[in-house]
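# Coordinate inspection notes
Here are the chains, one letter per residue:
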Amino acid sequence: MTGLPLLVPGPSSTGRRFRAYTVKHLDKLTARAGLDADERLAVRAVATVLPFRTNEYVVESLIDWDAAPDDPIYRLVFPQSDMLPEADIRQISGLLAGGAPDTEVRAAAHAVRERLNPHPAGQLAFNIPEFADEPLPGVQHKYPETVLIFPKQGQTCHAYCTYCFRWAQFVDEPDLKMATDDTARITDYLRQHPEVTSVLITGGDPMIMSEAVLRRYVEPLLAPDLEHIESIRIGTKSLGYWPQRFVTDPDADETLRLFEEVTEAGKSLALMAHFSHPRELESSLVADAVRRIRSAGGVIRTQAPLIRSINDDAATWAGMWRTQMRMGMVPYYMFVERDTGPQGYFAVPLARAHEIFRDAYASVSGLCRTVRGPSMSATPGKVCVDGVVEVAGEKVFALHMIQARDPAIVGRPFFARYDPNAIWLSDLEPAFASRFPFDTSPEELPGLWAPEVLASLS
Ligand code: SF4
């Protein structure tokens, strides 16, 4: 502790202690949504494959049970019986109904998971850096200036989103997890990489960790010889799922002191806050949490994927961005649902995604137009869909890279043949060129980290 005075205003709300609901509560909760026995069994079958967890705040304060199971917040956290292929659900439902041994159910669930592309964007294959000739697991160095850390104790969330792109972190499959608690090796690595200016602590949700544990990851980054680290980002959905974390939890004040220490060290402390629906912003607890984080010097940037049946209309996004801006947050990203898990169930075609983005963007003031998207976080980088245009008589998608493994291609426009059904980068074909600017064979990618390339960047 630095003994810094706590500059933040005290809480004006009262909160309850965190209480999680897991698979063992699922049947009772889905009965509350009006599902019959067969539907509840199918939901349980989905929950053997994909993770399920919610909490009392989400259940009692965010879900509109009169509208369940169609309520968007219900759909945000509760598995849907048709999220996975029918044959898979029928098989696992049969095993559950017949009282099959746990090992048999787990084996069936494992087989389904293997078909769900558990680690999209080549995470396990391409992005693990090396230090002293050994891999640094639980760390990703995908773009030269940014390093991601997955703290071991931060690999859960206050609730799980049904569409989660990191679902593989939360299931009982050790081979699918990325996590570290080796802060010494991480800081040694960062010392050797002056081109890194930003560290993103991510998960799961790092804000699931107590202040004492979070401090173990944040404090070493404030060392004087890591001056090149200009910003510490924390990816979190706690403002939506458990705003008490910053207001009434026992270590809320200490957490805000930690944030103050980051800003006192001359670095930016940014929460990358995931909000999926405007209802998550309505609680006075969220307003209190935002006010306290900002008073501690933190910046809050907001982001979420565009998800069919949860937030797939322009008014929902425009309303979110306006409210966020009014509360002092900065709209940052609209993402495209990633190519993993139940993507086919939640995806919105790219052409429609761009229409929704444009209609929302056109209806908000310039202060909200800090937002970018719709953006695909894909293997080569973040690919933004700029629109559908006609060029030389051909209807095409206009795209650009917001972020790329190869900095030379950032911000350069390129084109893809129009396909009204395309939902992901891999569905697109280049237009007016034989290949996309990022089309490099995987074997060539490590070349980006060659010493001469890094030297030219720092
Ligand atoms: S908060 Fe993020 S990591 Fe956690 S379940 Fe939702 S999408 Fe996944």
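Treat the numbers as computed from the prediction; the structure is a model and nothing was measured.

Quick notes on the rules
- Residues numbered from 1 in each chain as written.
- Predicted model: local features only at pLDDT ≥ 70, side-chain atom pairs only at ≥ 80, totals over all residues.
- Heavy atoms only, no water.
- Helix = DSSP H or I, 4+ residues; strand = E, 2+ residues; numbered from the N terminus.
- Rg over C-alpha atoms; globule rule 2.2 N^0.38 Å.
- Buried < 20%, exposed > 50% of the residue type's maximum accessible area, 1.4 Å probe, protein only.
- Contact = heavy atoms within 4.5 Å.
- Areas by Shrake-Rupley, 256 points an atom, 1.4 Å probe, with all protein chains shown as cover.
- Salt bridge = Lys/Arg side-chain N within 4 Å of Asp/Glu carboxyl O.
- Pairing = 2+ DSSP bridges.
- Near = heavy atom within 4 Å.
- Nonpolar A, V, L, I, M, F, W, Y, C, P; charged D, E, K, R; others polar.

What the chain contains, in helices and strands, is 16 helices and 15 strands. Its C-alpha radius of gyration of 22 Å places the chain within 12% of the 23 Å reference for a compact globule of 458 residues. For the chain, the spread of C-alpha atoms along the three principal axes comes to 65 × 60 × 50 Å. The 458 residues of the chain split such that 57% are buried. Pairs at least 24 residues apart make up 73% of the contacts formed inside the chain by residues separated by at least 6 positions. Counting every atom, the chain has about 18800 Å² of accessible surface; 50% of that belongs to carbon and sulfur.

Let's shift gears to the pattern of salt bridges. Pairing between side chains becomes possible if they bear opposite charge and their charged atoms approach one another. This model, assessed by the stated rule, comprises 19 salt bridges. Taking the shortest distance from any N to any O, the salt bridge between K152 and D181 comes out at 3.8 Å. Residue K152 is located in the loop between β6 (146-149) and α8 (183-191), and its partner D181 is located in the loop between β6 and α8; the two are separated by 29 residues in the primary sequence. Take D181: its relative accessible area is 43%, and that puts it in the partly exposed class. The shortest N-O distance in the salt bridge between R215 and E211 comes to 2.7 Å. Note that R215 and E211 are positioned in helix α9 (residues 211-218) at a spacing of four residues, about one turn of the helix. In terms of burial, R215 and E211 fall into one category: buried. Overlapping salt bridges, with partners in common, bring together E211, R215, E219 and E261 in one network.

Further remarks concern the pairing of strand β12 (residues 372-378). Two faces, one strand: in a regular strand the side chains alternate between the faces of the sheet. Among the seven residues of β12, six are classified as buried, and the element is accordingly described as predominantly covered. Relative to β12, strand β11 (residues 330-336) runs parallel, the two sharing two bridges. When the sheet's bridge partners are listed, Y333 is paired in β12 with R372. Bridging between β12 and strand β13 (residues 381-391) involves four bridges; their strand directions are antiparallel. The partner of M376 across the bridge, within β13, is V383. As consecutive antiparallel partners, β12 and β13 are separated by two residues.

Moving on: the pairing of strand β14 (residues 394-404). Taken across its 11 residues, β14 has eight buried, putting it largely inside the fold. Relative to β14, β13 runs antiparallel, the two sharing 10 bridges. Residue pairing for β14: V383 is matched across the bridge by M401. Counting the residues between successive antiparallel strands, the hairpin from β13 to β14 contains two residues, one of them, A392, with a positive phi of roughly 50 degrees. Pairing of β14 with strand β15 (residues 414-417), which is carried by four bridges, proceeds in the antiparallel orientation. Across the sheet, V396 pairs through a bridge with R417, a residue of β15.

Surveying the vicinity of the ligand reveals the residues C157, Y160, C161, C164, F170, G204, K237 and H274. For the shell around the ligand, a count of residues per class yields five nonpolar, two polar and one charged.

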